[in-house]
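Spelled out, the chains give:
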Amino acid sequence: MKKVLFVLTSHEDLGDTGHKTGFWIEEFAAPYYLLKEKGVEITIASPKGGQPPIDPKSNEPDFQTPATVRFNDDKETQEILSKTLKLETVNQEGFDAVFFPGGHGPLWDLAEDKNSIALIESFYNHNKPVASVCHAPAIFKHTKNTKGKPLVSGKKVTGFTNGEEEAVQLTAIVPFLVEDMLKKNGGIYSKKADWSPYAVQDGLLITGQNPASSELVASLLLEEIR
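Note that the structure is a prediction, hence the values are computed from the model and not measured. (Residues numbered from 1 in each chain as written. Predicted model: local features only at pLDDT ≥ 70, side-chain atom pairs only at ≥ 80, totals over all residues. Heavy atoms only, no water.)

## As for the side chain of Ser 116
Moving on, step 1. Following the sequence through the fold, Ser 116 ends up in helix H5 (residues 114-125).
Moving on, step 2. The class for Ser 116 is buried, based on a relative accessible area of 0%.
Moving on, step 3. Sequence-distant contacts of Ser 116, defined by excluding residues within four places in its chain, comprise Leu 87, Phe 100, Leu 110 and Ile 139. (Helix = DSSP H or I, 4+ residues; strand = E, 2+ residues; numbered from the N terminus. Buried < 20%, exposed > 50% of the residue type's maximum accessible area, 1.4 Å probe, protein only. Contact = heavy atoms within 4.5 Å.)

## Concerning the side chain of Thr 43
Moving on, step 1. Considering the arrangement of structural elements, one finds Thr 43 in strand S2 (residues 41-46).
Moving on, step 2. Take Thr 43: its relative accessible area is 19%, and that puts it in the buried class.
Moving on, step 3. Among residues more than four places away in sequence, those in contact with Thr 43 are Val 4, Leu 5, Phe 6, Leu 85 and Phe 95.

## Regarding the sheet that holds strand S1 (residues 3-7)
Moving on, step 1. The mixed open sheet is built from seven strands, whose spatial order is S3-S2-S1-S4-S5-S9-S8. In this open sheet, the two strands that pair with only one neighbour each are strand S3 (85-86) and strand S8 (199-202).
Moving on, step 2. Examined bridge by bridge, S8 and strand S9 (residues 205-208) share four bridges and lie antiparallel to one another. Pairing of Gln 201 across the sheet is with Ile 206, part of S9.
Moving on, step 3. Of the strands in this sheet, S1, strand S4 (97-100), strand S5 (130-133) and S9 touch H5, which is tilted by about 140 degrees from S4. (Pairing = 2+ DSSP bridges. Axes fitted to C-alpha atoms, helices over the stretch in contact; angles between N-to-C directions.)

## Considering helix H8 (residues 214-225)
Since there are 3.6 residues in each turn of an α-helix, residues three or four apart along the chain are aligned in direction.
Moving on, step 1. The end-to-end C-alpha distance of H8, which contains 12 residues, comes to 17 Å, matching closely the 16 Å that a straight helix rising 1.5 Å per residue would cover.
Moving on, step 2. Among all positions in H8, only Ser 214, Val 217, Ala 218, Leu 221, Leu 222 and Ile 225 are buried. Looking straight down H8, one finds its buried side chains confined to an arc of 140 degrees; they lie on one side.
Moving on, step 3. Tucked into the core, H8 has its buried residues touching S1, helix H1 (25-37), S4, S5, S8 and S9. (Expected span 1.5 Å × (residues − 1). Arc of directions from axis to C-beta.)

The following block contains the structure:
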């Protein structure tokens, strides 16, 4: 049985706006169910462990998808989610890949978290895929390859676009823009029209542009670990 580690944010404050953030339900639920139904065993971790914060916006009627509706009725998965492992207690051994769902939370914690950075580099250096979607490519801000260059340098990548960030009116709130950071780190960044499903794979790196790209990323990941 293939095993995938999911890593979720523990960060819930949307800058100093007084609003809450966290992970985006669709970006967790859609890949989770897609992989689980194909017999993949999933373990979930987060920097603080326990219940990771859910972005309240991702629960609004406009953002419901079959996967989020299923999750909201799925007490078993909610229970599993409430008991995430502490990130510092997991490593790449025993897993075939790692997947990072987005939401704005990762911009603050996972992008800067030393355990997350070390974990990604370790998965990559052990020839195991690293997948992320939407804001989660923020995890590549400080990750390096064995030559000390940014991990995304010279790699095809995508992630939440500057236009999408502008559309949700958080450009001035977020600590950095995912698109700008990926380009600055030497990534070969591409995108489709805002909110279009789009995922890119370059070797072990799999990235998706936005929430609608979650299943595409999970499908590419599944192919890779098979």
